[in-house]
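Notes for the structure review
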Amino acid sequence: MAYTNLRECIVHLEKAGQLRRVEAELDPHLEIAEIQRRVHAAGGPALFFPRVKGSSFPCVSNLFGTRDRVHLLLGDGIRHAKELLRLRDPESIRHPFRSLRAAWGARHAWPRCVGADVTAHETRLSALPQIVSWPKDGGAFITLPSVYTEHPDKPGILSSNLGMYRVQISGGEYRPDREAGLHYQIHRGIGVHQHAAIRRGEKLKVSIFVGGPPAHMLAAVIPLPEGVPEILFAGILGGRSFRYARRGGHLLSSDADFCITGAIDPLRTLPEGPFGDHLGYYSLAHPFPVLSVEKVYHRPDAIWPFTVVGRPPQEDAHLAEIIHEIAGHMLPREIPGLHAVHAVEAAGVHPLLLAVAEDRYVPYGERKPRELHTIAHALLGYGQLSLAKYLWLAAREDGPPDVRDVSDFLRHMLSRVSWETDLHFITRTTMDTLDYSGSGFNEGSKVFLAVSGPPRRRLAESVSEALLGIWPEEWTQPNLAMPGVLAFAGKTAAPGVFDGVLEKFSGRLREAGNLRELLAGLPLWVMVDDPAFVSRSLNNFLWVTFTRSDPARDIHGVSSFIENKHWGCRGPLVIDARIKAHHAPPLESDPGVAKRVEALAAPGGPLHGIF
C-alpha cells in the first residue's frame, strides 16, 4: 500500500479492523508502555492514543505487532524488494523476466525533491510525547526513529545512511530542549560517518525522522548490500518515491510526521541511558554522542509512533521476520556453502545464532567438521552477525531440521555433538554493546559449535536415580529443561569455588565406575538461579542460558582438559547462566502501573476486550 503519510496508514488499519482507539487520557510515563506490552503479547491490534498526558500529539503503537499486519502495511513492496535484491543472483540471469519485474518495482527507488509538509510547524523536544517504557529508564526515548546522515567526504543521498538508533530526548545531563543522546553501535553506518567527521574536524549533520509511511521505518532497519542507500530502498518498499526537501543544510523527509535536525560534535559525549532494551535487561548509562538540536518540525496532523522493547519476543520480532523474508537469501549467496541462518529472537537475537551449511571437505575417511569451520568464521565476521555470541552450526548432509524450529534443531545438535572436539572459542573480542555478560563494556567472548556426522546418543527424557544419588550437595533442584538438557541451581560463588565443586563431582563419577551410563543422554547442563522457571518453557531456557553467560568465562565441563591450546570435556558441558554481580538488572514492570492497566482492562474500562 503506497501511503503518503502515517495518518493514511492508521485509517487503513482501522477500516481493516486492525486498529483500536483508546479514548481515555493515558500517562506516557510507564502506563502506555505497559499497555503496549500486554496488547502485543495477546496478539492484539494496533493502538491509537488520541489523548496523551502532557502532550498535544496523539500516539500510535503496535503497528508491526503481527506478521499479517506487516504484510498488510507493506503489500507489494515486500515482493518488489525481494525481486530487486535478487538481481545479483545467478538465477536472475537464467530468468530475465524476473529482472524486468524487479526493474518495474524499482521505479520508485529514486527520491524526489519536493515541498516539505513537515516544516509547517515547529515545536520543542519537551512537547513531544515523553514515553518512558521501564521504571529505571533514564528519561524519555524515541523508539522508532529513522536517523539520517551523509558521508562528510562525499555528501549526498547516494552516500547516505538511514538507521534506527534510539534517541534519548530528556533526563540525564542533557540540556532540556537543546540536546539529545544518540545510541548506536560502533560498526553501524552512522559510525563510519562520525569517523570521517572526526578526521575532518567537522560536526556531523543529523536529521531524525519520526512517523511517515511504515515502509520508511522498515527501510531504516533492513540490512542492505554495501553501497545501497536505505533511503532508496524506502521508496521501493513503500511503492512511492521517498520525498524530501532541504532546509539549513539538512535533508528532511517530506512525509514524516516529525523531523528533528541538529549536529553531533564527534568528540563530545554524555552518559546516555539507562534504557530497558531488547535483551530483557537495562543497558546502563555510558558515554554516547550528543545531538545539539537546532529545529523540531512537525506536520499539521502529526502522530507519534512508538514501540516498546524488552524481554523478547516483542514487536520488533515481526520486523525481524519480514527482514528475513526480504533479505534472507542474500547471506547464503555471500558465503559459499551456507544454506540457512536464524538469529533466535527468544534468546535476544545476537546471543544465539543457528545455521546450516555444507560440509564438503571430506576426501579422507571419517566425516568430521572441516568446511563448517571456514563458514563459522565467515559468519562471525559478517555485518551484524559479528555480534553473535553462541553459533550452533549443523552440516546440511545430516538432514537437520529447519533452523527456525529451534527445539528440534537443538536436539539435532545435542544428539551429535562431541564436547571433546566440536567447541571452538574466540576470546577477548568485541561484543554487542547491550550484552553485559562479558568482561567489560563491548568486551567478551564467542564460541561456535560445529557438528557433522551421525547421532552419538539418544537424548534423555528424565534424570536417572543413580545420577541423583551422587549429585553434589552444593547444587540443588536438578530439573530437565528439555530432552538432553539438565538445569539446576547453585549458590553464587567465585569461579574457583565452582570449579572445586565440579572437580569433586567428576571424582565421584569416576568412582562410580559407570560414567557413560550415569551421563547418558544428558550432554548439556545449565546452572541457573531458578530451575523451575527455566524448565517451564523453551523461551525461558533460551533467554536465561544465552543472555546470562559469557562463553570463555561461564562454560565449564565434567572431566575437562586442554590439549594443544584446545579446550574440551569428556563429560557434559556445564554453562553457568546465573545472574552475576557485573550483569545489568533484568526488566520488571512497576506493580502500581500494572494494577492501573489491569483496571483499565476490566469490564467497562477503555481497554476491555483488547487483552
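Right, let's talk about the overall build of the chain for a bit. In terms of helices and strands, the chain carries 20 helices and 30 strands. Against the 2.2 N^0.38 benchmark of 25 Å for 611 residues, the chain shows a C-alpha radius of gyration of 26 Å, consistent with a compact globule. For the chain, the C-alpha atoms occupy an extent of roughly 80 × 60 × 50 Å along the three principal directions. Scored against the burial criterion, the 611 residues of the chain give a buried share of 58%. In the chain, 73% of the contacts between residues at least 6 apart in sequence involve partners at least 24 apart.

With that out of the way, let us pick up the pattern of salt bridges. Taken as a whole and judged by the stated rule, the model has 28 salt bridges. Measuring nitrogen to oxygen at the nearest pair gives 3.5 Å for the salt bridge that ties Asp-301 to Arg-7. On the criterion of sequence distance, the pair formed by Asp-301 in the loop between β17 (286-298) and β18 (304-306) and Arg-7 in helix α1 (residues 6-15) is long-range, its members being 294 residues apart. Judged by relative accessible area, Asp-301 falls into the partly exposed class, the value being 28%.

So, on to the packing of helix α3 (residues 67-74) against helix α10 (residues 316-327). Between two packed helices, the angle of one axis relative to the other and the distance separating the axes together describe the packing. Their axes nearest at 9 Å, the elements α3 and α10 cross at an angle of 60°. Our classification of the angle between α3 and α10 gives oblique. Judged by the twist between their axes, the crossing of α3 over α10 is right-handed. Taking contact as the criterion, the partners of Arg-67, Val-70, His-71 and Leu-74 in α3 are, on α10, His-318, Glu-321, Ile-322 and Glu-325. Its residues assigned to classes, the contact of α3 with α10 comprises 3 nonpolar, 2 polar and 3 charged.

With respect to the element layout, His-298 can be found in strand β17. Judged by relative accessible area, His-298 falls into the buried class, the value being 10%. Dropping the residues within four chain positions of it, His-298 is found in contact with Phe-57, Asp-117, Val-118, Ala-120, His-121, Glu-122, Thr-123, Asp-257 and Phe-258.

Let us now look at helix α2 (residues 31-41). Counting buried positions over the 11 residues of α2 gives 9, a clear majority of the element. Among all positions in α2, only Glu-31, Ile-32, Ala-33, Glu-34, Ile-35, Gln-36, Arg-37, Val-39 and His-40 are buried. Contacts from the buried residues of α2 go to β2 (46-49), β3 (59-61), β18, α10 and α20 (591-600).

Time to look at the pairing of strand β10 (residues 179-182). Every second residue of β10 is oriented toward a common face, with Glu-179 and Gly-181 on one face and Ala-180 and Leu-182 on the other, all of them buried. In terms of strand pairing, β10 meets β17 through 3 bridges, oriented antiparallel. Across the sheet, residue Ala-180 finds its bridge partner in β17, namely Leu-291.

Among the structural elements, Arg-67 can be located in helix α3. Put simply, Arg-67 and Ala-317 are 250 residues apart on the chain and 9.1 Å apart in space, counted from C-alpha to C-alpha. Apart from the residues within four sequence positions on either side, Arg-67 is in contact with His-318, Glu-321, Ile-322 and Glu-325. One polar contact links Arg-67 to Glu-325, side chain to side chain, over a distance of 2.7 Å.

So, about the packing of aromatic side chains. Between two aromatic rings, the relevant description is the distance of the centres plus the angle of the planes. Counted by the stated rule, this structure contains 17 aromatic pairs. Judged by centre distance (6.0 Å) and plane angle (25°), the rings of Tyr-148 and Phe-209 are stacked. Of the two residues, Tyr-148 sits in strand β7 (residues 145-150) while Phe-209 sits in strand β11 (residues 204-210), which places them 61 residues apart along the sequence. Here Tyr-148 falls in the buried class, since its relative accessible area comes to 3%. Taking the relative accessible area as the measure of exposure, Phe-209 reaches 4% and is therefore buried. By way of ring pairs, the aromatic residues Tyr-390, Trp-392, Phe-541 and Phe-546 are connected into one cluster. Over the aromatic face of Trp-134 sits the side chain of Arg-37, whose NZ or CZ is 3.7 Å from the ring centroid. Between Arg-548 and the ring centre of Trp-543, over which it is positioned, the NZ or CZ distance is 4.9 Å.

Bringing the nonpolar core into the picture now. The tendency in soluble globular proteins is for nonpolar side chains to be buried as a group. Counting 53 residues, the largest nonpolar core has Leu-63, Phe-233 and Ile-326 as the members making the most contacts within it. If one sorts the elements of this core by residue count, helix α9 (residues 230-238) sits on top with 6 residues. In this view, Leu-63 contacts Leu-6, Cys-9, Leu-13, Ala-46, Arg-69, Leu-73, Met-217, Pro-305 and Glu-315; residues no more than four positions away in its chain are not counted.

Pairing is mixed in the open sheet, where 3 strands are placed in the order β4-β12-β13. Of all the strands in the sheet, just β4 (112-113) and β13 (250-253) have a single pairing partner and so form its edges.

Time to look at the environment of Asn-540. Among the secondary structure elements, Asn-540 is positioned in helix α18 (residues 538-547). On the basis of relative accessibility, which here comes to 8%, the residue Asn-540 falls in the buried class. Along the primary structure Asn-540 and Val-451 are separated by 89 residues, whereas in three dimensions their C-alpha atoms are 25 Å apart. Dropping the residues within four chain positions of it, Asn-540 is found in contact with Arg-311, Phe-533 and Val-534.

Right, let's talk about the sheet that holds strand β20 (residues 352-357) for a bit. Spatial ordering of the open sheet is given by β19-β20-β21-β23-β22, a layout of 5 strands whose pairing is mixed. Of all the strands in the sheet, the pair left with one neighbour each is β19 (338-343) and β22 (423-430). This sheet shows a mean twist of 15° between the axes of neighbouring strands, independent of strand direction. Bridge count between strand β21 (residues 390-395) and strand β23 (residues 443-451): 5 bridges; the pairing is parallel. Counterpart to Tyr-390 in the pairing with β23 is Val-447. Across the sheet, helix α12 (residues 371-379) lies against β19, β20, β21, β22 and β23, angled at about 145° from β21, the strand it touches most.

To continue, consider the confidence of the model for the chain. Confidence in the prediction for the chain averages 89 pLDDT; 93% of positions are at 70 or higher. Across residues 90-98, confidence stays below pLDDT 50; counting only partners more than four residues off in sequence or on other chains, it has 4 contacts.

Let's shift gears to the state of the cysteines. Following the criterion strictly, the structure yields 0 disulfides and no others. For Cys-9, which is in no disulfide, the shortest distance to another cysteine sulfur is to Cys-59 and amounts to 15 Å. Between Cys-259, a free cysteine, and Cys-113, which holds the nearest cysteine sulfur, the sulfur-to-sulfur gap is 13 Å. Among the residues examined, Cys-259 registers a relative accessible area of 0% and is labelled buried.

Glancing now at the side chain of Lys-446. With respect to the helices and strands, the residue Lys-446 is situated in strand β23. Buried charge without a salt bridge: Lys-446, with Asp-435 as the nearest opposite-charge side chain at an N-O distance of 8.4 Å. Among the polar contacts listed, one links the side chain of Lys-446 to the backbone oxygen of Ser-386, at a separation of 2.7 Å. Sequence-distant contacts of Lys-446, defined by excluding residues within four places in its chain, comprise Leu-380, Ser-386, Leu-387, Ala-388, Lys-389, His-424, Phe-425, Ile-426, Thr-429, Thr-430, Met-431 and Pro-551.

Criteria and cut-off values
Residues numbered from 1 in each chain as written. Predicted model: local features only at pLDDT ≥ 70, side-chain atom pairs only at ≥ 80, totals over all residues. Heavy atoms only, no water. Helix = DSSP H or I, 4+ residues; strand = E, 2+ residues; numbered from the N terminus. Rg over C-alpha atoms; globule rule 2.2 N^0.38 Å. Buried < 20%, exposed > 50% of the residue type's maximum accessible area, 1.4 Å probe, protein only. Contact = heavy atoms within 4.5 Å. Salt bridge = Lys/Arg side-chain N within 4 Å of Asp/Glu carboxyl O. Axes fitted to C-alpha atoms, helices over the stretch in contact; angles between N-to-C directions. Parallel < 35°, antiparallel > 145°, perpendicular 65-115°, else oblique. Left-handed = near helix turned anticlockwise from the far one by under 90°. Nonpolar A, V, L, I, M, F, W, Y, C, P; charged D, E, K, R; others polar. Pairing = 2+ DSSP bridges. Polar contact = N/O pair within 3.5 Å; in protein donor to acceptor, adjacent residues only side chain to side chain. Phe/Tyr/Trp six-rings, centres within 6.5 Å; stacked < 30°, edge-to-face > 60°. Lys NZ or Arg CZ within 6 Å of the ring centre and 35° of its normal. Core = buried A, V, L, I, M, F, W, Y, C linked by side-chain atoms within 4.5 Å. pLDDT = per-residue confidence, 0-100. Disulfide = S-S within 2.5 Å. Lys, Arg positive; Asp, Glu negative; His and termini not counted.

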